[in-house]
Amino acid sequence: MQIEINIKKIIILFLLTYLFSCFAPSLRNCLMKIVKSIKELKSILAAEREKGKQIGLVPTMGALHAGHISLVNRCAKENGICVVSDFVNPTQFNDKHDLETYPHTLDQDSALLEAAKCDILFAPSVEEMYPEPDTRTFSLGTVQEVMEGARRPGHFNGVCQIVSKLFYAVEPDNAYFGEKDFQQIAVIKAMVKQLGIKVKINPCPIVREADGLALSSRNSRLTPELRQKAPLIARTLKESRKFAPEKSVKEVKEYVINTLNACPEMRVEYYEIVDGNSLVSIDKWNDTDYPVGCITVFCGDVRLIDNIKY
Ligand code: AMP
């Protein structure tokens, strides 16, 4: 009799464990909501705002790494509700091949975001964000036209299209962007000012590998040989800072460009030292109190960007 009861208990326990393991993923989703529609997102956020919660947004294109997660951690810490958008925005790709080969890793991203205390993962479809073609053109002047703007026609226009749509959908108090895309921050600030959107733009420091290479989803495209060479970019920028005050702006630029181009696998597309706010190139160090060097380098056929504050 006693043995029979114990067997029953064991079977019930086994069934409960099995059921819990089946439902565990959806239980986790009770903590982090995955939202696909703007309508649902707006309604959830309206309720949270009603409770007095401040809302933070981290726009991403997925394929998340520790660089993105540093933004999410900060957003979660500084806001009552942390929203992360995960959307590969087609309108910002000037290279069709780049768009076609861009990684889509929603399941993996969602696990990382949950661990990072994201409250809402907004993962819309292209149709949801662009029910009809976005024909808006942004004219933001120098910040949009120089460096990346000159080499990637339409890129920043596409960035402004999607980020403005995200700002209208989320109406965040705070938005977080990585300084790795230094020019993007200046563009977003100019766009927000022009459209009169009330959101605080929070720049976040670049997260790097132990050897200095700035984390990027593109790093996975580097062959092992190129991956070994790539840290030379950050090393050279750091080295140039040591003698920046004594040497002229021109000499520092030449040093960086020549050092990197001396590596057969690398080709500098541009290296500009600019005022960190206006992005206007400087000739002399005292042209600005915020000099920033922005670089794009082809490492093999992988286009890598980085920057340094002098
Ligand atoms: P992406 O998904 O590449 O559009 O990037 C989403 C956000 O993450 C942007 O604001 C990027 O600047 C930021 N980000 C990407 N890589 C890094 C990094 N290594 N360190 C800090 N922020 C980063």
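Chemist: Report on the overall build of the protein, specifying residues and quantitative values.
Modeler: The secondary structure content of the protein amounts to 13 helices and nine strands. Along the first, second and third principal axes, the C-alpha atoms of the protein reach 90 × 45 × 35 Å. Looking at the protein as a whole, 48% of its 310 residues are labelled buried. Long-range pairs, those at least 24 residues apart, make up 73% of the contacts in the protein with a sequence separation of at least 6. On the protein, roughly 16,400 Å² of surface is accessible, and the fraction owed to carbon and sulfur atoms is 57%. Taken as two groups, the 39 positive and 39 negative side-chain charges of the protein have centres that lie 4 Å from each other.

Chemist: Tell me about the environment of glycine 154, residues and numbers included.
Modeler: Within the secondary structure, glycine 154 is located in the loop between helix H8 (148-151) and helix H9 (155-170). Since its relative accessible area comes to 43%, glycine 154 is described here as partly exposed. C-alpha separation for the pair glycine 154 and glutamate 128, spaced 26 residues apart in sequence, amounts to 21 Å.

Chemist: Help me get a handle on the site of the ligand, residues and values and all.
Modeler: The full set close to the ligand counts 16 residues, and Met61, Gly178, Asp181, Val207 and Leu215 are the nearest of them. Contact between the ligand and histidine 68: an oxygen atom at 3.2 Å from a side-chain N or O atom of the residue. Within the backbone of leucine 215, a nitrogen or oxygen atom sits 2.9 Å from a nitrogen atom of the ligand. Compared with its free state, where it exposes 490 Å², the ligand has 92% of that area covered by protein. Residue assignment for the shell around the ligand shows that the elements contributing at least two residues are strand E2 (55-60), helix H3 (66-78) and strand E5 (174-178).

Chemist: Before we move on, could you go through helix H12 (residues 232-242) and cite the residues and values that matter?
Modeler: Regarding H12, the residues found buried are Leu232, Ile233, Ala234, Thr236, Leu237 and Ser240. The elements touched by buried residues of H12 are helix H11 (224-229), helix H13 (249-261), strand E7 (266-275), strand E8 (291-299) and strand E9 (302-309).

Chemist: Can you break down the sheet that holds strand E3 (residues 81-86) residue by residue, with the values?
Modeler: In spatial order, the strands read E1-E4-E3-E2-E5-E6; together these six strands make up an open sheet with parallel pairing. Looking along the sheet, the strands with just one partner apiece sit at the ends: strand E1 (33-35) and strand E6 (200-204). Neighbour-to-neighbour, the strand axes of this sheet turn through a mean angle of 25°, independent of strand direction. Summarising the sheet, E5 and E6 pair through five bridges and their orientation is parallel. Residue tyrosine 176 lies in a different strand from E6, and its bridge partner there is asparagine 202. Against the sheet, helix H2 (residues 38-50) contacts E1, E2, E3 and strand E4 (120-122), and its axis sits at roughly 155° relative to E4.

Chemist: Any details on the packing of aromatic side chains? Residues and values, ideally.
Modeler: Going through the model one piece at a time under the given rule, you end up with five aromatic pairs. Measuring from ring centre to ring centre gives 4.8 Å for phenylalanine 243 and tyrosine 255, while their planes differ by 85°; the resulting arrangement is edge-to-face. In this pair, phenylalanine 243 sits in the loop between H12 and H13 while tyrosine 255 sits in helix H13, placing the two residues twelve residues apart along the sequence. Its relative accessible area of 27% is what places tyrosine 255 among the partly exposed residues.

Chemist: Just give me the short version of the environment of valine 274, but keep the residues and values in it.
Modeler: Within the element layout of this structure, valine 274 appears in strand E7. In this structure the C-alpha to C-alpha distance between valine 274 and glutamine 92, which are 182 residues apart in sequence, comes to 24 Å. Once you skip the residues sitting within four places of it in the chain, valine 274 turns out to touch Met147, Leu279, Val280, Ser281, Ile282, Tyr290, Pro291, Val292 and Cys294.

Chemist: Lay out the packing of H9 against helix H10 (residues 182-195) in plain terms, naming residues and giving numbers.
Modeler: Contact pair H9 / H10: the axes reach a minimum separation of 10 Å and the direction vectors enclose 55°. In this view, H9 runs oblique relative to H10, as classed from their interaxial angle. In terms of crossing hand, the pair formed by H9 and H10 is right-handed. Together, Phe156, Val159, Cys160, Val163, Ser164, Phe167 and Tyr168 of H9 and Gln183, Gln184, Val187, Ile188, Met191, Val192 and Leu195 of H10 make up the contact between the two elements. Of the residues assigned to the contact of H9 with H10, the class counts are eleven nonpolar, three polar and no charged.

Chemist: Tell me about H9, and please be specific about residues and values.
Modeler: Taking 1.5 Å of rise per residue, 16 residues should cover 22 Å, and H9 covers 22 Å from first to last C-alpha, within 8% of that figure. Where burial is concerned, most of H9 is hidden: 14 out of the 16 residues are buried. Two residues or fewer past H9, glutamate 171 is found with a positive phi of approximately 50°.

Chemist: Residue-level account of the pairing of E8, with values.
Modeler: Burial analysis of E8 places nine of its nine residues in the buried class, the great majority of the element. The alternating pattern of E8 places Pro291, Gly293, Ile295, Val297 and Cys299 and Val292, Cys294, Thr296 and Phe298 on opposite faces, both of which are buried. Taken together, the nine bridges between E7 and E8 define a ladder with antiparallel strand orientation. Residue pairing for E8: arginine 267 is matched across the bridge by phenylalanine 298. Two elements, E8 and E9, share eight bridges in a ladder whose sense is antiparallel. Within the sheet, the bridge partner assigned to valine 292 lies in E9 and is lysine 309. Between the antiparallel neighbours E8 and E9 lie two residues, among them glycine 300 with a positive phi of about 65°.

What counts and how
- Counting restarts for each chain: residues are numbered from 1 in the order of the written sequence.
- Only residues with pLDDT of at least 70 get local features here, since the model is predicted, and only at 80 or more are side-chain atom pairs given and counted; chain-wide, interface and lining totals rely on the full set of residues.
- Side-chain calculation: all heavy atoms of the structure are included, whereas hydrogens and water are not.
- Put simply, DSSP H or I for four residues or longer makes a helix, DSSP E for two residues or longer makes a strand, and each gets a number counted from the N terminus.
- Only protein chains enter the accessibility calculation, which uses a 1.4 Å probe; a residue whose area is less than 20% of its type maximum is buried, one above 50% is exposed, and one in between is partly exposed.
- Residues are treated as being in contact if the distance between any of their heavy atoms lies within 4.5 Å.
- All accessible-area figures derive from a Shrake-Rupley calculation using a 1.4 Å probe, and residue coverage is judged against the displayed protein chains alone.
- Think of it this way: Lys and Arg go in the positive column, Asp and Glu in the negative one, and His and the chain ends go nowhere.
- Charge placement uses NZ in Lys and CZ in Arg. For Asp and Glu, CG and CD serve respectively.
- Proximity is defined per residue: if any heavy atom of the residue lies within 4 Å of a molecule or strand, that residue is considered near it.
- We call two N or O atoms a polar contact when they sit within 3.5 Å, provided that within protein one can donate a hydrogen and the other can accept it, with sequence-adjacent residues counted only if both atoms are side-chain atoms.
- Note: two strands are recorded as paired if DSSP finds a minimum of 2 bridges between them.
- Axis angles are defined between N-to-C directions and span 0 to 180 degrees, where every axis is a line fitted to C-alpha atoms and, for a helix, only to the segment in contact.
- Ring pairs are drawn from Phe, Tyr and Trp, using the six-membered ring of Trp, whenever the two centres fall within 6.5 Å, and their geometry is named by plane angle: stacked under 30 degrees, edge-to-face over 60, tilted for the rest.
- By the definition adopted for this analysis, an angle is roughly parallel if under 35 degrees, roughly antiparallel if over 145, roughly perpendicular if from 65 to 115, and oblique otherwise.
- Two helices that cross are described as forming a left-handed crossing if the nearer one is turned anticlockwise from the farther one by less than a right angle, and a right-handed crossing if clockwise.
- Asp, Glu, Lys and Arg are counted as charged, while Ala, Val, Leu, Ile, Met, Phe, Trp, Tyr, Cys and Pro are counted as nonpolar; the rest, among them Gly, fall into the polar class.
- An expected span of 1.5 Å times one less than the residue number is assigned to each helix.

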